[in-house]
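An overview of the molecular structure
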6 protein chains.
Amino acid sequence: MTEYGKPVLLTGASGNLGRALTKALAARGWRLVLTDIAPFPDAVPEGCRFERADLNDGVTILRLAEGCGAILHFGGISVEQPFETVLGPNIRGAYHVYEAARREKARVVFASSNHAIGFHARPPEGEEGNGAKLDFDCQLRPDSFYGLSKAYTELMGRYYWDKHGVENVNIRIGSSFPEPADRRMLSTWLSYDDLCRMVAAAVTAPAVAHSVVWGASDNPASYWGRDHRDRIGWQPEDSAEPFRAKVEGRLGDPVSERYQGGGYTSAGYTREAFSPKGTFDLP
Amino acid sequence: MTEYGKPVLLTGASGNLGRALTKALAARGWRLVLTDIAPFPDAVPEGCRFERADLNDGVTILRLAEGCGAILHFGGISVEQPFETVLGPNIRGAYHVYEAARREKARVVFASSNHAIGFHARPPEGEEGNGAKLDFDCQLRPDSFYGLSKAYTELMGRYYWDKHGVENVNIRIGSSFPEPADRRMLSTWLSYDDLCRMVAAAVTAPAVAHSVVWGASDNPASYWGRDHRDRIGWQPEDSAEPFRAKVEGRLGDPVSERYQGGGYTSAGYTREAFSPKGTFDLP
Amino acid sequence: MTEYGKPVLLTGASGNLGRALTKALAARGWRLVLTDIAPFPDAVPEGCRFERADLNDGVTILRLAEGCGAILHFGGISVEQPFETVLGPNIRGAYHVYEAARREKARVVFASSNHAIGFHARPPEGEEGNGAKLDFDCQLRPDSFYGLSKAYTELMGRYYWDKHGVENVNIRIGSSFPEPADRRMLSTWLSYDDLCRMVAAAVTAPAVAHSVVWGASDNPASYWGRDHRDRIGWQPEDSAEPFRAKVEGRLGDPVSERYQGGGYTSAGYTREAFSPKGTFDLP
Amino acid sequence: MTEYGKPVLLTGASGNLGRALTKALAARGWRLVLTDIAPFPDAVPEGCRFERADLNDGVTILRLAEGCGAILHFGGISVEQPFETVLGPNIRGAYHVYEAARREKARVVFASSNHAIGFHARPPEGEEGNGAKLDFDCQLRPDSFYGLSKAYTELMGRYYWDKHGVENVNIRIGSSFPEPADRRMLSTWLSYDDLCRMVAAAVTAPAVAHSVVWGASDNPASYWGRDHRDRIGWQPEDSAEPFRAKVEGRLGDPVSERYQGGGYTSAGYTREAFSPKGTFDLP
Amino acid sequence: MTEYGKPVLLTGASGNLGRALTKALAARGWRLVLTDIAPFPDAVPEGCRFERADLNDGVTILRLAEGCGAILHFGGISVEQPFETVLGPNIRGAYHVYEAARREKARVVFASSNHAIGFHARPPEGEEGNGAKLDFDCQLRPDSFYGLSKAYTELMGRYYWDKHGVENVNIRIGSSFPEPADRRMLSTWLSYDDLCRMVAAAVTAPAVAHSVVWGASDNPASYWGRDHRDRIGWQPEDSAEPFRAKVEGRLGDPVSERYQGGGYTSAGYTREAFSPKGTFDLP
Amino acid sequence: MTEYGKPVLLTGASGNLGRALTKALAARGWRLVLTDIAPFPDAVPEGCRFERADLNDGVTILRLAEGCGAILHFGGISVEQPFETVLGPNIRGAYHVYEAARREKARVVFASSNHAIGFHARPPEGEEGNGAKLDFDCQLRPDSFYGLSKAYTELMGRYYWDKHGVENVNIRIGSSFPEPADRRMLSTWLSYDDLCRMVAAAVTAPAVAHSVVWGASDNPASYWGRDHRDRIGWQPEDSAEPFRAKVEGRLGDPVSERYQGGGYTSAGYTREAFSPKGTFDLP
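Report on the accompanying structure. Small disclaimer: the values here were computed from a predicted structure and weren't measured.

The next point concerns the interface of chain B and chain A. Every contact between the two is made by 53 residues of chain B and, on the other side, 53 residues of chain A. At the boundary of chain B with chain A, total buried surface from both sides reaches about 4,900 Å², with 62% on carbon and sulfur atoms. Connecting chain B to chain A are 20 residue pairs in polar contact (both at pLDDT 80 or more). Broken down by secondary-structure element, the contributors of at least two residues to the side of chain B that touches chain A are α3 (83-104), α4 (145-164), α10 (263-266) and α11 (271-274) of chain B. For the side of chain B that touches chain A, the element with the highest residue contribution is α4 of chain B, accounting for 13 residues. Considered class by class, the residues forming the side of chain B that touches chain A number 28 nonpolar, 10 polar and 15 charged.

So this is what it looks like as structure tokens:
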């Protein structure tokens with residue numbers, strides 16, 4: 001859909017995923033406007049420019065987005081932090097990104113996270129294929145302040161689509177690292193290559209409305225089922241499975257092994273200890 | 001569930017619903033800790049006390065909640081306002097309320113809103129009874145920054161239940177006024193009496209986990225179906241229907257008549273005007 | 001120049017000049033977007049709407065300006081106040097207004113002030129006509145923090161014209177009140193009618209670049225000479241002279257009688273008392 | 001004028017110009033109070049002291065200035081940055097510096113910049129000597145938010161002189177680097193030695209009122225004409241001309257070559273692209 | 001000590017004590033600079049002027065104090081409030097007042113409070129005269145966040161005297177109202193007349209260093225003994241005793257009756273309830 | 001008193017004293033919750049965890065303290081800085097620490113400082129043993145903004161003990177470094193080992209109420225006398241005396257040699273220079 005020739009704004013450009021995207025998309029000839037609160041650590045590719053900015057500074061974010069056909073929103077706090085630390089860059093920042101997109105009639109591709117739904121139980125191992133997988137339209141069940149900010153931003157995308165027709169693709173990223181690091185990532189791993197192809201597809205697809213796509217490679221052990229990948233015409237090409245032997249023995253604590261969000265769910269977990277009513281759960 | 005004898009904290013005590021709740025619950029002998037950023041305009045009932053506080057001031061909110069068995073969270077911005085105006089009292093305020101509840105092992109009863117799901121289409125008139133009603137576990141589709149803050153607070157309740165066992169009842173209030181004021185309120189009206197009975201039920205029910213209850217009286221034209229009212233043992237007793245003749249002719253603009261959120265959905269609505277893709281919608 | 005049919009944003013709508021403009025321009029059939037940090041005290045004219053906003057909230061100001069063909073910037077602190085009080089609404093506010101104008105390719109009509117040049121000496125009385133008048137391209141000589149903010153905003157207009165082609169008309173308002181109140185206003189008075197006609201002319205003129213117009217009626221005793229009134233096709237129609245008998249005896253202190261800015265120049269004036277070098281002045 | 005024996009406050013001491021001034025002035029036996037928001041990277045010369053401070057903290061700035069006979073204001077943001085980044089240190093900071101000077105009856109020497117007038121066209125090459133040069137009393141035409149802050153601070157100096165008799169010298173620095181780096185600097189270069197001699201002259205001159213001096217060495221290709229250098233008794237001794245062969249070929253883009261501010265004027269320049277009225281210019 | 005003819009700055013001018021002082025001191029011919037964050041509700045007496053200011057705005061406070069020979073610091077939050085509400089006006093404000101005093105070599109007369117020492121036990125009734133009274137150099141024992149801010153400001157006065165020779169008189173005001181309102185005020189009452197005479201004495205005394213004076217009228221039941229009243233040459237003339245019959249029966253709760261601070265000590269008091277070690281107390 | 005098995009919160013963990021305490025207390029098997037605004041530079045000992053937090057963020061501080069039996073408050077600004085820099089971490093931070101302690105019924109061990117009483121004169125050398133020593137209940141006489149914040153925090157401890165039964169031990173640390181560095185430290189030095197033993201004693205003592213202990217080793221030249229060390233059952237084991245030869249010749253300026261606070265008292269000292277009344281001192 002994005003009118004060709006338009007530049008694309010990338011927030012969070014100085015992070016690991018931002019750097020990988022910069023490299024991959026610039027190599028395709030995209031003109032990127034890169035921004036981050038931290039300096040860009042690499043050489044800025046030809047045809048791209050970098051400007052340092054704070055996601056809290058809305059007027060500046062709106063200006064950076066001018067003329068852009070899409071915004072790849074990978075900026076903000078990217079791990080669990082105190083609520084106050086998350087609030088500015090992730091909640092206020094989301095608003096600034098969507099206002100920018102509305103002004104530009106630009107599409108948003110948002111680095112959402114499995115932590116927006118992290119408190120769903122994992123499907124029984126080996127049963128993932130039998131209808132136990134989680135579909136995109138499941139209830140949001142954030143597992144952290146970070147996850148709450150991701151869920152909030154997805155809802156902001158919903159709102160801007162419903163009210164203003166701003167299209168957006170929300171990638172619920174599992175674990176995007178050079179390679180899987182523990183057993184859970186056999187389910188959640190997303191290779192950098194698959195990520196970059198997905199982002200490119202999300203930008204160039206003809207129409208996406210408000211879409212949700214699971215951000216995982218073609219992992220046989222994936223927890224996740226239906227989503228809008230057909231809308232953007234993307235299929236993963238990599239798989240975590242070849243790394244099984246290396247990481248299979250790396251398990252977390254019992255709580256983190258029960259829920260999809262892993263260690264984010266068990267960090268500070270007190271439900272069972274504190275609440276005798278913990279055995280009563282929602283259907 | 002609330003251990004008897006414990007006081008109950010009420011935020012937003014100086015607002016219309018807060019005042020109605022104060023009157024009704026104090027009459028039942030509840031000891032209320034009343035708070036608001038504005039002075040309390042009525043006489044403080046015996047057994048209750050009022051302390052002025054800002055929902056942005058977390059340490060003070062936590063202190064007000066000390067020893068309380070439940071928090072009735074009716075405070076914050078209660079209509080659509082600019083994002084920055086909503087952010088502090090509603091988003092940060094929600095965090096403070098839930099931290100307080102976690103500390104006290106108190107239950108939260110939250111004045112959520114139909115505007116958290118306002119962009120769902122209304123059921124065809126006359127068809128509400130035939131499976132076209134919206135159930136509590138529908139997708140969140142906020143219609144405003146205000147609605148986004150309500151959706152966010154519901155998710156925060158979900159999170160505090162999942163991680164910390166903090167019970168919470170989220171009342172998606174339709175239109176709570178002395179009486180219905182337009183045709184839409186034939187579906188969405190919630191009488192003050194039904195509201196007060198619902199809040200009392202939500203506090204005294206033995207176990208509620210994370211619950212969602214539609215905040216409407218027994219209106220034949222209601223848009224809303226299944227919810228957790230059985231968990232709290234509440235049924236509405238009033239109905240908007242007797243007011244039909246008086247308000248039936250009061251319709252809104254076409255957009256507001258299409259969606260459940262009414263005027264909040266059409267305020268600033270630009271999807272169709274701006275986006276030729278407006279005809280493409282999510283299933 | 002303003003494309004016809006476009007609405008016009010008016011900041012400071014709830015002030016005296018804002019209310020006069022609202023009345024006069026709405027009567028011409030203009031569709032006004034009115035805004036102020038204070039509520040609008042009158043009935044909002046048909047075809048107009050009012051939204052409360054803080055000039056510090058840039059993203060909201062940008063949004064209010066959407067689709068507008070012109071911004072009449074009459075908002076902010078309108079008298080001398082401590083620097084910190086002036087900074088937000090007047091300095092930051094000016095930036096937000098100009099960013100909005102750039103985004104909309106809208107023209108700005110700015111309520112500048114004689115206090116941006118208030119430290120120029122008055123021409124000798126009776127000599128105003130003989131080349132002693134001050135021309136628009138005189139040096140800026142602000143007489144207060146308020147005047148500094150006005151001068152700054154004029155320069156911001158210069159910058160946005162030079163860099164971005166944002167047209168702007170800066171009205172250096174003398175004294176705009178229902179009628180002259182002292183002898184100085186025989187020179188500086190601007191009738192509400194002349195003001196409203198000038199603003200209308202400034203909006204509808206075909207091209208204005210960066211213009212400066214003295215905001216005074218056709219006063220024989222005016223201090224001010226050449227400006228860009230021809231660009232906007234405006235001439236004053238009222239005059240302070242008929243009020244001479246009533247106010248001629250109302251003089252200020254010696255310092256305020258010496259300088260164009262009147263009482264703003266003598267408030268806190270310490271040059272002569274503190275500095276023996278006060279007799280040395282710039283040519 | 002400065003009473004001898006009084007110390008001199010230097011803001012921005014840790015920057016390149018601040019360090020050069022510290023070295024040169026301490027060598028003359030001046031007692032300097034050095035301050036910056038960043039640590040001072042060199043050894044603090046004997047008779048001097050360094051205190052870290054934020055220009056936003058007015059009470060601290062006023063205290064640092066106590067007993068000083070002059071303030072060399074070289075602090076603040078020194079390149080183009082987003083408006084919000086510039087606002088605190090440069091606009092609020094200017095106020096704090098001038099309040100300090102008023103309190104101390106100290107003289108201010110301000111590192112203004114050619115970017116306060118950067119949108120004046122360059123004189124035709126080779127014609128600089130023929131009346132085409134720009135005089136100190138030209139219109140302010142800032143080319144950036146940075147330049148706007150410099151123009152604002154000059155006006156604040158004007159105001160504090162007019163109202164309070166605070167003397168100030170505003171050096172409109174061209175390009176102060178170890179040596180010229182491109183063709184434009186053949187006109188704008190100011191050697192460190194010339195800068196340091198000028199600052200010393202500005203402090204020790206008997207009376208300066210509100211003065212403006214072009215901050216360029218004795219460059220044959222200079223754009224700049226009349227100023228107040230005679231008041232401070234300074235003449236440049238260095239020249240950019242010997243570097244001509246080395247840098248003559250280094251040209252900027254067409255916009256930056258047209259205006260005095262160079263690259264600051266073309267950064268983000270959109271007048272011609274956006275505005276068909278761009279051909280209409282002020283006389 | 002205050003050089004005669006110098007004006008005197010009064011903060012908190014719009015409060016009850018501020019208004020009483022304004023009236024009394026203006027009647028003595030003092031030239032007062034009045035300030036408050038709220039408008040001054042009375043006519044400004046001749047020879048005085050009022051400027052609205054926030055105690056948080058240090059540079060403005062310093063400016064208001066210019067040329068003043070004394071600062072009567074009666075501003076800030078004057079009852080118990082949440083910590084965050086007290087912090088700005090009372091803690092930061094104290095710093096601004098003392099910096100102003102240091103700059104002006106002005107004397108500070110501070111409205112301290114018995115709540116700075118409120119947790120001292122009351123002397124046994126009838127035994128006040130027998131050595132059971134509290135002397136000025138007792139330990140500080142604040143009874144509230146308000147009281148802590150008063151104690152802090154006394155210490156700031158101690159510091160500015162020790163380091164900078166700023167003289168200050170700290171009046172530990174008991175209860176300054178038109179007349180006593182309960183039994184405790186038979187001990188703590190300070191008539192407006194006694195207050196005004198004390199303030200006048202504190203300003204005009206030849207030398208005061210850092211002094212503490214109990215702010216109570218000549219009440220037989222006073223809790224308080226030695227202080228520095230001789231330094232300022234003041235003796236109370238009024239007494240609470242004539243009001244005994246009217247108020248003797250008005251007692252507070254047991255905790256408030258035990259401590260000097262009265263109701264401030266019992267508000268939120270939890271020592272005995274929470275701490276079994278409450279019986280262990282400091283000698 | 002602290003119930004055994006409870007973890008202990010340590011603020012300022014990344015500072016020199018914090019690191020020494022971490023090492024020593026973890027070696028005793030204590031479970032420490034470490035926090036600081038800066039990252040922890042060492043390996044986190046087993047049984048401990050580190051979380052980065054800002055003392056300004058009250059809700060986070062309260063959360064870190066959950067379940068802790070004691071709070072060792074060593075965080076905040078630890079040297080003299082401008083008032084505004086000290087205000088947040090030290091004044092607001094103290095409130096957050098004490099609110100946390102009240103909530104947890106935890107004991108506070110506070111790193112107070114000799115700078116809270118630094119303006120007391122040193123006892124005549126050689127006379128320290130003859131009644132000239134300073135006792136714990138001396139007047140507070142802070143010597144810096146830093147010292148004021150320490151005094152304020154001691155008073156906050158007094159208040160929380162008096163009102164809420166929160167026990168606290170205030171260690172007025174002299175000079176805690178690996179070894180004494182100048183002559184003054186022969187009196188004020190506190191070895192790391194003595195510090196760690198004192199902190200451990202303060203936590204484990206059965207009852208401490210509000211206590212003050214001089215933080216110095218067993219130095220013959222100590223300035224300090226009576227305190228509450230018996231309450232916590234601590235005696236110093238090290239002494240500065242063996243270092244006498246090495247440091248005896250290292251004296252400060254005359255002012256710093258006169259007062260206990262040393263260099264903090266002479267920094268910016270102006271009493272004698274500015275105030276002819278400087279010879280008048282309090283008894």
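In this section: helix α1 (residues 16-27) of chain C. Residue and element names in this part refer to chain C. In this model, α1 (12 residues) spans 17 Å end to end at C-alpha, consistent with the 16 Å of a helix rising 1.5 Å per residue. Considered for burial, the residues of α1 that qualify are Leu17, Gly18, Ala20, Leu21, Thr22, Leu25 and Ala26. Turning to α1, the residues buried within the fold contact β1 (8-11), β2 (32-36), β4 (70-73), β6 (168-173) and α6 (192-204). Directly after α1, the chain includes Gly29, whose backbone phi takes a positive value near 90°.

Residue and element names in this part refer to chain D. For the coordinates displayed, the defined rule picks out 131 salt bridges over all chains. Notably, a salt bridge pairs Arg226 with Asp135, separated by 3.4 Å at the nearest N-O pair. Placement of the pair is Arg226 in the loop between β7 (210-215) and α8 (229-232) and Asp135 in the loop between α4 (128-132) and α5 (145-164), with a sequence separation of 91 residues. When its relative accessible area of 47% is taken as the criterion, Arg226 is described as partly exposed. The class of Asp135 is partly exposed, set by a relative accessible area of 24%.

Here the focus is the arrangement of the chains. With no contact formed, the shortest span from any C-alpha in chain B to any C-alpha in chain D equals 17 Å. Chain C shows no contact with chain F. Their nearest C-alpha atoms sit 17 Å apart.

Next up on the list: the relation of the copies chain B and chain A. At an RMSD of 0.0 Å, chain B and chain A line up after a rotation of 180° and a shift of 0.0 Å along the axis. Seen this way, the second copy is the image of the first under a two-fold rotation axis. Rotation axis and chain B: the residue whose C-alpha lies nearest the axis is Tyr152 of chain B, separated from it by 3.0 Å.

Time to look at the packing of helix α1 (residues 16-27) of chain D against helix α7 (residues 192-204) of chain D. Residue and element names in this part refer to chain D. Following both chains from N to C, one finds α1 and α7 inclined at 65°, their axes separated by 10 Å at the closest point. It follows that α1 is roughly perpendicular to α7 by the angle criterion. Handedness of the crossing formed by α1 with α7: right-handed. On α7, the residues touching Asn16, Leu17, Ala20, Leu21, Ala24 and Leu25 of α1 are Tyr192, Leu195, Cys196, Val199 and Ala200.

So, on to the nonpolar core. Among the nonpolar cores identified, the biggest contains 278 residues, and Met156 of chain A, Met156 of chain B, Met156 of chain C, Met156 of chain D, Met156 of chain E together with Met156 of chain F are the most heavily contacted of them. In this structure, Met156 of chain E is in contact with Ala94, Tyr95 and Tyr98 of chain E together with Phe83, Phe145 and Leu148 of chain F, ignoring residues within four places of it in sequence.

Moving on to the packing of aromatic side chains. Applying the stated criterion across every chain yields a total of 87 aromatic pairs over all chains. With centroids separated by 5.1 Å and ring planes inclined at 85°, the aromatic side chains of Phe145 of chain E and Tyr95 of chain F adopt a geometry described as edge-to-face. One end of the pair, Phe145 of chain E, is in helix α4 (residues 145-164); the other, Tyr95 of chain F, is in helix α3 (residues 83-104), on a second chain. When the centroid spacing of 5.0 Å and the interplanar angle of 10° are considered together, the rings of Trp214 of chain E and Trp224 of chain E count as stacked. With Trp214 of chain E in strand β7 (residues 210-215) and Trp224 of chain E in the loop between β7 and α7 (229-232), the pair connects residues that are 10 residues apart, well separated along the chain. Sitting over the face of the ring of Trp161 of chain B, Arg271 of chain A holds its NZ or CZ atom 5.1 Å from the ring centroid.

This brings us to α7 of chain D. Two residues of an α-helix separated by three or four positions point the same way, owing to the 3.6 residues in each turn. Residue and element names in this part refer to chain D. The terminal C-alpha atoms of α7 lie 18 Å apart, and with 13 residues this matches the ideal 18 Å at 1.5 Å per residue to within 8%. Of all the positions in α7, only Asp194, Leu195, Cys196, Met198, Val199, Ala200, Ala201, Ala202 and Val203 are classed as buried. Where α7 is buried, its residues touch α1, β4 (70-73), β5 (107-113), β6 (168-173), β7 and α8.

On to the packing of helix α3 (residues 83-104) of chain D against α5 of chain D. Residues and elements named next belong to chain D. At a minimum axis distance of 10 Å, the contact between α3 and α5 shows a crossing angle of 20°. One element, α3, and the other, α5, form an angle in the roughly parallel class. Crossing handedness for the pair α3 and α5: right-handed. Counted together, Phe83, Val86, Asn90, Ile91, Ala94, Tyr95, Tyr98, Glu99 and Arg102 of α3 and Phe145, Tyr146, Ser149, Tyr152, Thr153, Met156, Gly157, Tyr160 and His164 of α5 form the full contact between these two elements. Of the residues that constitute the contact of α3 with α5, the class distribution is 11 nonpolar, five polar and two charged.

Next up on the list: the state of the cysteines. One way to say it: the disulfide is the covalent bond shared by the sulfur atoms of two cysteines. In total, this model carries zero disulfides over all chains according to the counting rule given. Here Cys196 of chain C stays unpaired: no disulfide links it, and the sulfur of Cys48 of chain C, its closest cysteine neighbor, is 13 Å away. Cys138 of chain D takes part in no disulfide bond, and the closest cysteine sulfur to it belongs to Cys138 of chain C, at a distance of 14 Å.

Basis of the calculations
Residues numbered from 1 in each chain as written. Chains lettered and ligands numbered in written order. Predicted model: local features only at pLDDT ≥ 70, side-chain atom pairs only at ≥ 80, totals over all residues. Heavy atoms only, no water. Contact = heavy atoms within 4.5 Å. Buried area = accessible area lost by both parts, 1.4 Å probe. Polar contact = N/O pair within 3.5 Å; in protein donor to acceptor, adjacent residues only side chain to side chain. Helix = DSSP H or I, 4+ residues; strand = E, 2+ residues; numbered from the N terminus. Nonpolar A, V, L, I, M, F, W, Y, C, P; charged D, E, K, R; others polar. Expected span 1.5 Å × (residues − 1). Buried < 20%, exposed > 50% of the residue type's maximum accessible area, 1.4 Å probe, protein only. Salt bridge = Lys/Arg side-chain N within 4 Å of Asp/Glu carboxyl O. Least-squares fit on C-alpha atoms with pLDDT ≥ 70 in both. Axes fitted to C-alpha atoms, helices over the stretch in contact; angles between N-to-C directions. Parallel < 35°, antiparallel > 145°, perpendicular 65-115°, else oblique. Left-handed = near helix turned anticlockwise from the far one by under 90°. Core = buried A, V, L, I, M, F, W, Y, C linked by side-chain atoms within 4.5 Å. Phe/Tyr/Trp six-rings, centres within 6.5 Å; stacked < 30°, edge-to-face > 60°. Lys NZ or Arg CZ within 6 Å of the ring centre and 35° of its normal. Disulfide = S-S within 2.5 Å.

These figures capture arrangement, not role.
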